[in-house]
Amino acid sequence: MKNYKETINLLKTSFSMYGNLKEKEPKLLKEWDENKLYDVIRSSQIRKKTFILHDGPPYANGDVHIGHAVNKILKDVLIRSKRMNGFDSPFVLGWDCHGLPIENQVEKNKGKLFNKHHFFEFRKECRKYALYQVERQKSDFKRMGILTNWNRFYMTMEPNLESHSIRTLGKIIKNRHLTRKRKPVYWCIQCQSALAEAELEYLQKCSLSLYVAFKSLNSLDICRRFQKSSPSCLPIYAIIWTTTPWTIPANRAIGINRDFTYLLVESNNFVFIVAEGLLKSFAKVMNVSKLKILSSCHGSMLESSMFSNPITDFKVPIVLSDHVHLNEGTGLVHIAPGHGLEDYDIGMKYKLEVSNIIDKRGRFVNHVHPILDKLSIFKSDEQITKILEEKNCFFISKNIFHKYPFCWRHNVPLIFRSTTQWFISMHKNHLREKILSKIDSISWYPKWGRERMEEMVQKRPDWCISRQRSWGTPIPIFIHKETNKMHPDTLSFISDISKKVKCFGGEYWWNVSIDEFLKNGDSKKYFKEKDVLDVWFDSGSINYSSINDDFKDYIPDVYLEGSDQYRGWFMSSLILSVAVSNDVPCKTIITHGFVVDKNGKKMSKSIGNVISPKEIINEFGADILRLWVTSSDYSKEINISKEILSGIVDHYRKIRNTIRFLLSNIKDFNIKTDGICFTNMIALDQRILMITKRFQKKIIRYYENYNFHKVINALLTFCSIEMSSEYLNIVKDRQYMNLSNSLSRRSGQTAFFHILSALVRWISPILPFTSYEVWKFLAEDLIKNNLFSDRYYVYLQEISENNVVISMENWDLVFLVKKEVNKVIERKRREKIVNHSMESNVVLYVDSKIAGVLQVLEKELKFLFLVSSVKIMDVENSKCCAMKADLTDLYGLKVEVSRSNGKKCNRCWYYFNIFEGREKKHRFDDLCHRCVLNLLKKEEIRKFV
């Protein structure tokens, strides 16, 4: 048997089957740096329409984790896709650099006393540490293929941005949204500072719950309110239920609901008040079977009746509160205005004392009660219970498990502690209503984001923007020592101070003497504020124009962050933007979910399910990490595991091998000299280009709608089905066997070139390293013809379905027939009648409609079906062995498959009749007629397949 391998157009390519990404990608990064690729892209975008994504700053502390990778890769993909769509889209990365975690790290290295006694040196060390962390994270983001100017980024600790935050504070004051008051705030005893809502997480906590009796100061008055004419001589008690026993000494009232019915009940020589709806559950808890209901009344009748606090003997009134419910307890709630937001609101309404009974370490202050002085509230349950037992006011206790706010840094339970702080009021000047009116001005992805933000704004308390820390942007305000009001010239001072801070940094405020601003003895009446701004004020106040002077007053097009930022950066940006300029911070907000393992569990070192982005890159390469990110529906939780990554690698190989096949088949092709006009191309090549055009439209739409996972699905469908199964598998025979310069081969190569030119652009936002590697084979000048500043492939837009040889509708019919033929061949393979489709002879019994389409291609159908022969006959003459179509709705079709009796061609492997097309004998007896023609340099004519 002769070897005809040398007569086949088998071309090679240096584009390897395996990506070796972890080795290639660092070299490409170096090449991008040397060629100043980002600058080249930015230069090419001049005068184009602008699209801005404002990067919400990650915190400059710790390693880049998988959530960071998801966030930055999604942003990079979005920006690259916008450039591909013709936009000028810069990317400026940012970092949040102030705040407690950095202080904690420096204190670990230098000690807490260093913070206390060396203030300026401490801030210097914090700055140094933050810079170190930024450089580490920059390196990790760069390795992921994030494309930006790595020498131009923003940090909230920069003097110009500290100055900007201070100017924003001045505008907040000017617009009458700032207030200073004593109010309960979330307080961490480890941070020893107030916390923002974004700094908490809700975890399960075991708490001691108590039923406590408050004795009435006037039983006669209570009986009168219950309209009971003959009062009992027994004392009357209001029974409250609490899960925070330590707050009872701070109690200043008892809350009830005006609309509930309350009962006066006698049991075991004891008279108490309880809500009617909770009597049964309360009796069950107390294990009491005999109850005597003396009377009833509406809650509103009990307002202002007086009782005694069982620990402090304070006289406390009954007040009306809508927050009292019938879920559990007694329908009476103890109110401590200094240690709860709802309690505080009620306290303001009734002008109750806002007392604070604990210090910054979570210990009782002196003189609350002798046995409680300096005792930690988290160790006080036993002592509180003991005091109540001595007063005969303790009923019963039990442990309950419930959701409770914890500090996300220290993982310790938080407390509400009443302190004097600076707040942005949600009520003053109708700020809440203004924010709610602006929510519809933002487009939300996913759409549920709108409802979530609206609900959070409606429930949002005043924003505490002050922190009792050293490392942060100063609050440069002078406060009167007696009235606690800010100086009347505060706005003027802030303007001057912000200019100085821009030059010298925040340290200027702590260095400057109060006498420099306040004259004529005023300096003795005022003191300088020592607190710093909340880090969310820092990042939320930074708009894009403040970090890029080229975009003055430009509203960013997109914010893209994790779902936790509804109470974090999204919220702070929205509040500040509306409070300052009565406008939204951006046009669109996109949210991505958290990363969880394959079982939906949160990433945790203790569980052992953490997978770091560096680990993925070191094993597979950054493009695999990026493909995983974009393959996920990021609007939900994003699953990751080694098994999932293995599937992602398979997807990558499918895309890569499709590209490799195309590249290897155009090595001897030049589109300028060898390209075939669309109207002269083989019909099957026309078909695949029309399909490619349709896919490009879909992929562009998916990119525009930020549906990146649908882009991946479309790419895989295109590569696996449209290309591999329905085109490449068919056309490779023509490409390998026909004359190298024949129209039929050049037609296929033309299609390959156009498909590859489109495909490389489709994948470039997601797989930048791989696409750049491909682009090297296509572009003559990598800098002048830069892939990452190019548009989607325009050639596809120019071809028309009106110029095709066979309509797409008819092609659809033909491929339905092919589907049925493949099914029958597969059955014959299982029956061992044929080993390969090329051994098959096929008879198609069809009706006139199908026949009219198939007969156009009749001589070339065997190449479409990959069989040795095809005959078309009337369905009325079908044999009993012919199989009806059952995979499709082609009822006018039956298929018969038999084994060919011909000879296998040693070149193309199709089976042939040895007498077919042979008038005389020649030396190619082992070849079919068309292979003989090709070897004799006689061009094989193809029109359709």
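Residues numbered from 1 in each chain as written. Predicted model: local features only at pLDDT ≥ 70, side-chain atom pairs only at ≥ 80, totals over all residues. Heavy atoms only, no water.

## Digging into the pattern of salt bridges
Put simply, the rule is: What makes a salt bridge here is a side-chain nitrogen of Lys or Arg within 4 Å of a carboxyl oxygen of Asp or Glu, nothing more. Think of it this way: any DSSP run of H or I at least four residues long counts as a helix, any run of E at least two long counts as a strand, and we number them from the N terminus. In this scheme, a residue with accessible area under 20% of its type's maximum is buried, one over 50% is exposed, and one in between is partly exposed, where area comes from a 1.4 Å probe on protein chains only.
One pass over the structure, following the stated rule, counts 54 salt bridges. Lys614 is the salt-bridge partner of Asp140, the closest N and O atoms lying 3.5 Å from each other. Linking Asp140 in helix α6 (residues 119-143) with Lys614 in helix α19 (residues 613-619), this pair joins segments that are 474 residues apart in sequence. For Asp140, a relative accessible area of 16% corresponds to the buried category. Given the relative accessible area of 46%, Lys614 is considered partly exposed. Across the pair Arg829 and Glu826 runs a salt bridge whose closest N-O atoms are separated by 3.8 Å. Of the two residues, Arg829 and Glu826 both sit in helix α28 (residues 808-830), 3 residues apart, roughly one turn of that helix. A relative accessible area of 40% places Arg829 in the partly exposed class. Through salt bridges with shared partners, a single network forms among Asp55, Lys72, Lys75 and Glu561.

## Remarks on the sheet that holds strand β22 (residues 558-562)
Our working rule: The pairing criterion is simple: DSSP has to find at least two bridges between the two strands. Only C-alpha atoms enter the line fits that serve as axes; for helices the fit covers just the stretch in contact. Angles between N-to-C directions range over 0 to 180 degrees.
Taken in spatial order, the 3 strands line up as β16-β23-β22 in an open sheet, and their pairing is parallel. What marks the edges here is a single partner per strand, and that holds for β16 (443-445) and β22. Between one strand axis and the next, the sheet turns through 15 degrees on average, direction left out of account. Bridging between β16 and strand β23 (residues 588-592) involves 3 bridges; their strand directions are parallel. Across the sheet, residue Trp444 finds its bridge partner in β23, namely Ile589.

## What to know about the layout of surface pockets
The cut-off we apply is this: Cavity: a set of points on a 1 Å grid over the protein atoms alone where a 1.4 Å probe fits but cannot get out. Pocket: an open set with protein on both sides within 12 Å along at least five of seven lines, its lining residues, like those of a cavity, having an atom within 4 Å of a point. Grid points are joined across faces, edges and corners, and a volume is the space filled by probe spheres set on the points. Lys, Arg, Asp and Glu make up the charged group, whereas Ala, Val, Leu, Ile, Met, Phe, Trp, Tyr, Cys and Pro make up the nonpolar group; the residues left over, Gly among them, are polar.
Empty space within the second largest pocket amounts to approximately 1,700 Å³. If you trace the second largest pocket, you find 49 residues lining it, with Gly340, Leu341, Glu342, Asp343 and Phe416 closest to the centre. Breaking the lining of the second largest pocket down by element, the ones donating at least two residues are β3 (178-188), β6 (236-242), β13 (333-335), α10 (341-350), β14 (394-407), β15 (415-424) and α13 (448-459). Looking at the lining of the second largest pocket, its residues break down into 20 nonpolar, 16 polar and 13 charged.

## Thoughts on unusual backbone geometry
Cis geometry marks the peptide bond from Tyr445 to Pro446, where omega comes out at -5 degrees. Of note in this structure, Lys374 is not a glycine but carries a positive phi near 65 degrees. Its location among the elements puts Lys374 in the loop between α10 and α11 (381-390). The backbone of Trp909 sits at a positive phi, close to 75 degrees, despite the residue not being glycine. Tracing the chain through its elements places Trp909 in the loop between β30 (903-904) and β31 (911-912).

## Description of the sheet that holds strand β29 (residues 893-899)
We apply this condition: Here, residues are in contact when the closest pair of their heavy atoms is within 4.5 Å.
In space, the 4 strands of this open sheet follow the order β27-β26-β29-β28, with mixed pairing throughout. Every interior strand has two partners, whereas the edge strands, β27 (869-874) and β28 (883-884), have only one. Alignment of strand β26 (residues 840-846) against β27, held across 6 bridges, turns out to be parallel. Residue pairing in the sheet places Val842 in a bridge with Val870 of β27. Seen against the sheet, α28 touches β26, β28 and β29 and runs at an angle of roughly 40 degrees to β29.

## Quick look at the environment of Leu866
One can find Leu866 in the loop between α30 (861-865) and β27. Put simply, Leu866 and Asn841 are 25 residues apart on the chain and 10.0 Å apart in space, counted from C-alpha to C-alpha. Among all residues touching Leu866, those that are not within four sequence positions of it are Asn729, Ile730, Ser837, Met838 and Tyr910.

## Some details on the packing of helix α12 (residues 431-438) against helix α18 (residues 569-581)
The condition is simple: Angular relationships are summarised with four words: roughly parallel below 35 degrees, roughly antiparallel beyond 145, roughly perpendicular across 65 to 115, and oblique for the angles in between.
With their axes 10 Å apart at the nearest point, α12 and α18 run at an angle of 110 degrees to one another. Taken together, the axes of α12 and α18 are roughly perpendicular relative to one another. Of the residues in α18, those in contact with Leu431, Lys434, Ile435 and Lys438 of α12 are Leu574, Ile575, Val578 and Ala579. By residue class, the composition of the contact of α12 with α18 is 6 nonpolar, no polar and 2 charged.

## Looking at the nonpolar core
Applicable threshold: For our purposes a nonpolar core is just a set of buried Ala, Val, Leu, Ile, Met, Phe, Trp, Tyr and Cys residues, chained together by side-chain atoms within 4.5 Å.
Counting residues in each nonpolar core, the largest one holds 173 residues, and the members touching the most others are Trp628, Leu689, Tyr727, Trp811, Leu844 and Leu864. The element best represented in this core is helix α24 (residues 708-737), accounting for 14 residues. Not counting the four nearest positions on each side in its chain, Trp811 is found in contact with Ala683, Leu684, Arg687, Ile806, Leu857, Leu864 and Phe944.

## Some details on the packing of aromatic side chains
What counts here: Planes of paired rings set the category: under 30 degrees apart is stacked, over 60 is edge-to-face and the rest tilted, where pairs are Phe, Tyr or Trp rings (Trp by its six-membered ring) whose centres lie within 6.5 Å.
Counting across every chain of the model gives 43 aromatic pairs. Ring geometry for Tyr566 and Phe570: centres 5.4 Å apart, planes at 80 degrees, overall edge-to-face. Overall, the relative accessible area of 1% leaves Tyr566 in the buried class. With relative accessibility at 0%, the residue Phe570 sits in the buried group. Ring geometry for Tyr727 and Phe752: centres 6.0 Å apart, planes at 90 degrees, overall edge-to-face.

## Looking at the packing of helix α7 (residues 159-174) against α18
Test applied: Should the near helix be turned anticlockwise from the far one by less than a right angle, the crossing is termed left-handed; should it be turned clockwise, right-handed.
The interhelical angle for the contact between α7 and α18, taken along N-to-C directions, is 60 degrees, at an axis separation of 8 Å. Taken as axis vectors, α7 and α18 run oblique relative to one another. In this structure, α7 meets α18 at a crossing whose hand is left-handed. Residue-level contacts link Thr168, Lys171 and Ile172 of α7 to Leu576, Ala579 and Val580 of α18. Its residues assigned to classes, the contact of α7 with α18 comprises 4 nonpolar, 1 polar and 1 charged.

## Description of the side chain of Thr168
By secondary structure assignment, the location of Thr168 is in helix α7. With residues near it in sequence (within four places) discarded, Thr168 still touches Phe537, Ser541 and Val580.

## Focus on empty space enclosed by the protein
Applying the stated criterion across every chain yields a total of 4 cavities of 30 Å³ or more. Reported here for the largest cavity is a volume of approximately 150 Å³. Tyr186, Leu195, Pro461, Asp462 and Cys464 are, among the 16 residues lining the largest cavity, the residues nearest its centre. Contributions of two or more residues to the lining of the largest cavity are made by β3, β15 and β17 (463-464). If you tally residues by element for the lining of the largest cavity, the top one is β3, at 4 residues. Across the lining of the largest cavity, the residue classes tally to 11 nonpolar, no polar and 5 charged. The wall of the second largest cavity is formed by 17 residues, among which Gly99, Leu100, Glu199, Arg467 and Arg469 lie closest to the centre. Considered class by class, the residues forming the lining of the second largest cavity number 8 nonpolar, 4 polar and 5 charged.

## Observations concerning the confidence of the model for the protein
Caution applies to low-pLDDT regions: their predicted coordinates should not be interpreted in detail. Note the following rule: One confidence number per residue, pLDDT, is output by the predictor and ranges from 0 to 100.
The predicted model of the protein has a mean per-residue pLDDT of 91, with 98% of residues at 70 or higher. Across the protein, the secondary-structure element scoring lowest on mean pLDDT is helix α5 (residues 112-117), at 71, and the one scoring highest is helix α20 (residues 622-631), at 98.

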